[in-house]
Amino acid sequence: MRKVSAIITGLFFILSASGQAVKPAGTALFDVDYQKLVSRADLMYEQPASRSEAGQPVGNGRMGSLVWTTPSQVSMQINRVDVFASNSASNNFFERNTDYCGGTGYVDLDFGEPVFEGKDFRQQLSCYDGVSTVSGKAVQAKVLAWNEADVMAVNVKDNRSTALPLLVHLRMLRMPVSLRGNHSAVSTIETAGDRIVLKQVFKEDDYYCSSAVVIGLAGATATAEKTTASAVRLNIAPGTPQTTVFIASAASFDSTADVTAAAMRKLDAAQQKGFEGIYASNKKWWAGFWQQSFVHLNSTDGVADEIEKNYTYFLYVMGSSSRGDFPTKFNGMLWTTGGDARQWGGAFWGANQSCYYEALYPTNHLELMDPMFRMYSNAYPSFEKAAAQQWGSKGIFIPETVGFDGVPALPDDIAAEMRELYLIRKPWEQRSKKFMDYAFAKQPFLSRWNWKHIGTWKNGLWEYTERGDGPYGPVNHIFSRGAKIAYQYWQKYEYTKDLNWLREKAYPMLKGMAEFYRNFPNVKKEKDGKYHIRHVNDNESIWGGHNTVEEISSMMGIFPVVIKAAELLNTDAELLPVWKEFLAHLSPLATTKDYPDMAQQPEAWVGSLQPTSPIRGNGKRLPDGNTMPVWFFDLCNPGGDPSMLTIANNTFDGYFRHTSPEQTFPHVLSKIPAAAAVLGRAAAVRFLIPNQLKGAARNPVLENRMDLSEGFYTTNIQRIGRASDALHLALCQSAPPAPGEDPVIRVFPAWPKDWDAQFSLLSRGGFITSAVIRNGTVVFVELVSKAGATCRLQNPWPGKTVQIYKNGKKFRTAKGNLLVFPTTAADRFVIALPGAGPEQLRQKVM
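The structure displayed is predicted, hence computed values, not measured ones. (Residues numbered from 1 in each chain as written. Predicted model: local features only at pLDDT ≥ 70, side-chain atom pairs only at ≥ 80, totals over all residues. Heavy atoms only, no water.)

K.L.:
When you look at the pairing of strand β11 (residues 131-135) in this model, what are you seeing that I'm missing?
P.N.:
In summary, the side chains of a regular strand alternate between the two faces of the sheet. With five of five residues buried, β11 is to be regarded as a mostly interior element. Counting the residues between successive antiparallel strands, the hairpin from strand β10 (residues 122-126) to β11 contains four residues, one of them, G130, with a positive phi of roughly 70 degrees. In the sheet, β11 pairs with strand β12 (residues 139-145) via four bridges, with the strands oriented antiparallel. Paired with S135 across the two strands is Q140, which belongs to β12. The antiparallel hairpin formed by β11 and β12 contains three residues in its connecting segment, where A138 sits at a positive phi of about 65 degrees. (Buried < 20%, exposed > 50% of the residue type's maximum accessible area, 1.4 Å probe, protein only. Helix = DSSP H or I, 4+ residues; strand = E, 2+ residues; numbered from the N terminus. Pairing = 2+ DSSP bridges.)

Encoded structure:
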C-alpha cells in the first residue's frame, strides 16, 4: 500500500483538472494511508451486475459511463454533462419526461463467447485511482477515464486458448433520424481508416448542439466496418494478447465547430500517451484529490464504518461527474444506461441538485462546485429578464426548475399577461387564448409552465390537464431557490475569504435576490408594520401561501449577508439603509401560535399562514423535510437566538410524534438528519444517517450504492449526498450564530459517544480543521489557516484549560467556552489538553 505522509504538505503541490496548482489540505498530526482508507469504499462484484444501472461508475467529471457486463460483453453508455438535445425555449417537448440529454453512444466490447460468468467472474472498482477492472475466463478489461482529456480507455488482456476476435461495437442511441415537430436529432456513423465514429446533431429553431464519439486502438490492428444503419464496429484479429481501446468524445453548441475533429485530436493524444501513461497520470491526479480531506470512522457494530464507505464513495462519484461546464444532473448524472431519455427530462431541479452541492464545501473540493456556479452565473442576464418579465420585479429570479441555459425571454404581450395572472391580479378564468396557445407547447416541468399537468393523445391531438388551481403548480411560485443559490455563493466566500469572488460573483447574486424580494409586487408592508409576502409556494407542498416558511427564511438569510457583503466591499451605500429597514420590519416565521387551535402546543414552525390554496394548502404542517430552510440559512445555529433554538428543537421533535429516529428511514431528499446534527441531537444522528443510506424499500439500493428513486434511468446518489451533509455537521460545524456573523468552529457537536472518528475538513473562515475523538473523548484539534482569518473555536473540553500550539511552539493557554485567536495564512495550530505536545499526539490513519 502506498503511504502518503501529510507532514510535507508545505512543499508538495499537485495539478488540478484545470492545470492549476493545488496545495493538499494536510495535517501534521496524521500520517494517512490514503490508498488503504479510500479503498474501503471500493465496489467488489463476485457476480455480474444485476442490471445495467448497477454497473460501476467511471468518469473524468465531463465524460463517463457505468461499466457493466453481459456474459460475452463489457458494455458502456458514453455520457457527457454538456449534451442537451433541446434548450429551455423548445416547443416540441410538451409531453412530460420527453426532453432528453447527456447520451452520446453505446459501446460494447464483444468477446464472442460467455467469458463473464461463473466462478471466474470478478469486477472491482478502485475508488483510489478510478479504475473498474472486469475479470473473466482468461480475459481482463481495465476501464478508466483520462483526467486530462475526454477519453475513456479500456486495456484488454486476452489469454484465451481459443482464437476468437474481439469486436468493438459503437451504436446509436436512437434511429438515424428522429423528428419531433421542428426538432431534429440526426445521428451518423462512419469509418475513418482504423477508427469508427458516431456523431449526433440536434437542431430546433436557432438551437444547435452536437456530439461525437471516436474509437481507436493501440497494440492491435483492426478493420472498421458498418454493420447496420445504426452501428459500426472494429474487428480485432484473434490471438491479440493485449490491446487498448480508446473512446474519445467531444461536444459543442457552436454549429461551426467540428466535434469529430476535436474528438480525433483527443484520441491522437491518448494513443501517443498510451494506456500506462494515462493510468500514471490518473493515479497522480486521484492521489492529489484524496489528499484534500478525509473522514475515517469506526464503531464496534460496523455502522460508522459503513457510513464512511458511503461518504468516500460520494466523493468519488462527484469527482467523477462534476468537473465540466455544467453540474451533474440529479436524474442519472453521468450514469444513464438506457439512451438519453430519463424521467424528469433535461431540466435542473433545485432541491434535487442540492443533494449533491450542499455537501461539498467541507470536503475542500470547491472545484466540484464550479460547474454549478458557472451555470447560474452564465445565465444571470436571463434571470434579470425573468424577474422583470414574469414578476414585475427587479434583481433576479432563479426558478426551482431551470434549463441549462437559464430562462428564455418572452414576447412582451405574453409577459404582461403572465404578470397579471401569476401575481393573482387577473382571474385565471380570464386568461387569453393567445396566452394559452403560447403555453401549449412549452415544457411542463419548467417552473413558469408548471401549472400544466399530465396529458394524453386523443384523435391525433395532444391534450393536457391543468393542475386545478390557476397559475399555481409545484414549482411555479417558488423564489427561495434563488435565495439558496445566492447563499451558496456567499458560503463560498465564508469558506475562502476570497474578496474577488465576493465582488465579482457572489455579490451580484446576493444583491439580485435582495432586490427581487424588496421589489416583488406581492411583498408589502401591512397594517402590523411588517413586510408580508403573499401568493407564494412553500416548496412544492403549499401553493398560494402567506408568509411561507421557505420565503420568510430566505429573506431572513439573504438580507443580513447582502448588507454584510456591501459593507465589506464598500458599495451600494444608498441601498444599505433600505435593506436594513426591510430586514428590521420583516414578518417573523409563522408558528403554531398563529393558529388558535394549535396555540397550546409547544411552539414550532409551520409551513404558512392562511390563506393558502385549496388544492395544496395545509399551512399547519411542519416545514418541508426535504428543504429545511430555517436550518439552511443559519437561523437556528448553536449560539444563536435562544428563542429560535427552542422553536427549532420543538419543530424537530414534531417530525417524530408517531415514530422514533431509530424507526425512521428518511426520504432520499430529506434534510432531517442534517437538522438533527445542527441541533446537536447525537442520539438521533446515530440512526438517521445510516437509515437514510439504507434507503426506502420501494427504492432498493443497487450493487453500486446508487438507486433509481427518481424513476426510469435516473441512477443517482442523492440520499448519499444528503447523508454526507449531515455527517459533516455531526463531525464539525463552522456556521455563524446567525447569517452574516462570525463563524464558530465546533468539533463533534452531534457525534455518538461510542463512534470513533478522525477527520480533516474545510471550515468557514478558511481553516482546515482536523480532529480525533476516541471513546467519547476529543484527543486534539488541529487548524491550518488558509486565509489568515481570526479563529473562533468552541472549546472541545468545556470548562477546561487548553494549550494552544502555533507552528509547533507553545502559543498560549486559554480557558472558556469560546477560544478566539488571530492567525496569518499558513499558520498551523494544535489545541489539546495540557500535558501532551504535538509530537505525542501524532497518529496513523489506517
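Picking up after the structure, the text goes on.
K.L.:
Help me understand the sheet that holds strand β29 (residues 542-546), please; the structure alone is not making it clear to me.
P.N.:
Sheet strands associate in pairs through backbone hydrogen bonding, adopting either a parallel or an antiparallel arrangement. Strand order in the open sheet formed by three strands is β27-β28-β29, with antiparallel pairing between adjacent strands. Of all the strands in the sheet, the pair left with one neighbour each is β27 (523-525) and β29. Neighbour-to-neighbour, the strand axes of this sheet turn through a mean angle of 15 degrees, independent of strand direction. Bridging between β27 and strand β28 (residues 531-538) involves three bridges; their strand directions are antiparallel. Bridging from a neighbouring strand, K524 pairs with H532 of β28. (Axes fitted to C-alpha atoms, helices over the stretch in contact; angles between N-to-C directions.)

K.L.:
Explain the packing of aromatic side chains to me, please; I cannot follow it from the model alone.
P.N.:
How two aromatic rings sit relative to each other is given by the distance of their centres and the angle of their planes. What the rule picks out here adds up to 66 aromatic pairs. Aromatic pair W391 and F520: ring centres 6.0 Å apart, planes at 70 degrees, arrangement edge-to-face. A residue pair is termed long-range when its members are at least 10 positions apart, and W391 in helix α6 (residues 380-391) and F520 in the loop between α10 (499-519) and β27 qualify at 129 residues. With a relative accessible area of 0%, W391 lands in the buried category. On the accessibility criterion, F520 (1% relative accessible area) is buried. For the cation-ring pair, K329 lies above F348, with the distance from its terminal atom to the ring centre recorded as 4.9 Å. For the cation-ring pair, R705 lies above Y313, with the distance from its terminal atom to the ring centre recorded as 5.0 Å. (Phe/Tyr/Trp six-rings, centres within 6.5 Å; stacked < 30°, edge-to-face > 60°. Lys NZ or Arg CZ within 6 Å of the ring centre and 35° of its normal.)

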